[in-house]
Amino acid sequence: MTAGEIERLQKDYLMPTYAPGLALVEGAGAHVWDADGNEYLDFVSGIAVTNIGHCHPKMIRAVQDQVETLVHVSNLFYNAKQPVLAKKLAERSGLPGAKCFFSNSGAESNEGLIKLARLWGSEHGKYEIITMRQSFHGRTLATLTATGQEKVQTGFGPLPQGFVYATFNDIDSVEEAISSKTAAVLVEALQGEGGVIPADQEFLSDLRKLCDERGILLLCDEVQSGMGRTGKWFGFQNYDVIPDAFSLAKGLGNGVPIGAIVAGEKLADIFQPGRHATTFGGTPLACAAALSVIEVIEEEELLANTQMMGAYFAEGLCELAMKYKKWIAGVRGLGLLLGLVLDVPAAPLQKKLQEKGMLAIATAGNVLRLLPPLNVTQEEIDQALKLIGEACADLHDEMAEQSPNPCVCGEGE
Ligand SMILES: *Cc1c(COP(=O)(O)O)cnc(C)c1O
């Protein structure tokens, strides 16, 4: 099928929820190809999903083997892969006494976290969850309510009760939001959709202290920042802060849908039989994929690579920010979750990059979000920096043409 044919079919038979830009049909490592045979350097990675790159041979092998053995049995039965994966996540989490629950997406993992916090608080009449403005937690009714962005909520009321908003990186605003009904604070260590904004060290440390003092749970949404993306297994590990529980999804299965809740000792046994469930959660197939992801991250030392390549990439981006400081404000992020922060909308730059053969995401209006796979090479980062540099130069020239005399004021027009 040609790109045009795919596009027409989609228009006729899919709800218009998305506005896709390209028809991609093949991938390998940090590269993808569209239906017309054009190659792209992929710094989207399926939105922080394909963390070990497209079609990693280890994952292909693990998934193929599992497909030929057993795909699904339901949670009425043990399966040999699920507890093995749970043990690996629990051990890497640093949460004492951690146990897991497997789901299928980020929203579903967060929905489970919310239920977990409410069930924990139900004995004492505590059910409110404090979340941050500009956060993103998903699109189900509860998680879009947790998401502190009006544009995600408009038209879907009445919204579930029990969500209260505070300001990210402002501990006083969290303290003010606490009531006798507060069960938990839910926070991203690094806001991805919100514009690649890392938490301040002081904010997360103070938040842990505040939650302890007031008998409130600290929950982290690690759906985007988890699974090595920030150079640590989980984003909160950059801060030496241990939450009571956290959610995972995106990078966990490298594209095979799987999410998880990882909960420490306080919450590990709250969900007794009959209190929470999902048919597809933790199938042998999804767990096999996730196990191969963990194996590859460790064998190929991808946490170290993420730290190294993240620092190298950020340095190159900072040079660009200096060169175009008239309209690039700076660089933010952790590891390989980076944002080039512009003083102008990011969509034109993203489009220019795509024309030059590189994929990135325009986020929160003015941020170009860059998410290469964690096994990205220095050559690929150099190629990306070259393309971003060219796109910036083009854009700079265009902006100069549009406003040849931006400083002349009061002369009409
Ligand atoms: C993507 C994302 C979600 C939602 O995950 P889905 O799999 O799309 O439901 C939730 N939280 C964060 C931080 C995310 O980045």
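Residues numbered from 1 in each chain as written. Predicted model: local features only at pLDDT ≥ 70, side-chain atom pairs only at ≥ 80, totals over all residues. Heavy atoms only, no water.

Moving on: the nonpolar core. The biggest cluster of nonpolar side chains holds 89 residues, and the ones touching the most others in it are Leu89, Phe203, Phe313 and Ile388. Broken down by element, the residue count for this core peaks at 10 residues, all from helix α10 (residues 284-299). Two domains share this core, each providing at least three of its residues, namely domain 1 (3-55 + 301-402) and domain 2 (59-299). Among the nonpolar cores identified, the runner-up in size contains 18 residues, and Leu113, Leu116, Ala184 and Ala245 belong to it. (Core = buried A, V, L, I, M, F, W, Y, C linked by side-chain atoms within 4.5 Å. Buried < 20%, exposed > 50% of the residue type's maximum accessible area, 1.4 Å probe, protein only. Helix = DSSP H or I, 4+ residues; strand = E, 2+ residues; numbered from the N terminus. Domains from an automatic or database assignment.)

The subject of this paragraph is the UniProt feature "binding site: N(2)-acetyl-L-ornithine" (unreviewed entry) in the protein. Residues annotated by UniProt as "binding site: N(2)-acetyl-L-ornithine" (unreviewed entry) correspond here to Arg139 and Thr278. Position of Arg139 among the secondary structure elements: in the loop between β5 (128-132) and α6 (141-146). Beyond its immediate stretch of four places on either side in the chain, Arg139 contacts Ala107, Leu144 and Val152. Beyond its immediate sequence surroundings of up to four residues, Thr278 is in contact with Asn75, Phe101, Phe102, Ser103, Asn104 and Glu108. A polar atom in the side chain of Thr278 sits 3.3 Å from the side chain of Glu108. (UniProt positions renumbered as here; feature names shortened; annotations may be inferred. Contact = heavy atoms within 4.5 Å. Polar contact = N/O pair within 3.5 Å; in protein donor to acceptor, adjacent residues only side chain to side chain.)

With that out of the way, let us pick up helix α3 (residues 57-67). Of all the residues in α3, the buried ones are Met59, Ala62, Val63 and Gln66. Down the axis of α3, the buried side of the element spans an arc of 90 degrees, and every buried residue falls inside it. Opposite the buried face of α3, at more than 90 degrees from it, the exposed residues are Pro57 and Arg61. (Arc of directions from axis to C-beta.)

Our next topic: the sheet that holds strand β11 (residues 245-248). Reading across from one edge, β4-β12-β11-β10-β7-β5-β6 is the order of the seven strands in this open sheet, with mixed pairing throughout. Edge strands, defined here as strands with exactly one partner in the open sheet, are β4 (99-103) and β6 (163-166). The average angle at which neighbouring strand axes cross in this sheet is 20 degrees, direction not considered. Pairing of strand β7 (residues 182-187) with strand β10 (residues 217-221), which is carried by four bridges, proceeds in the parallel orientation. For Leu186, the partnering residue across the bridge sits in β10 and is Leu219. Strands in contact with helix α5 (residues 106-121) are β4, β5, β6, β7, β10, β11 and β12 (259-263); relative to β12, the strand with the most contacts, it is inclined by about 30 degrees. (Pairing = 2+ DSSP bridges. Axes fitted to C-alpha atoms, helices over the stretch in contact; angles between N-to-C directions.)

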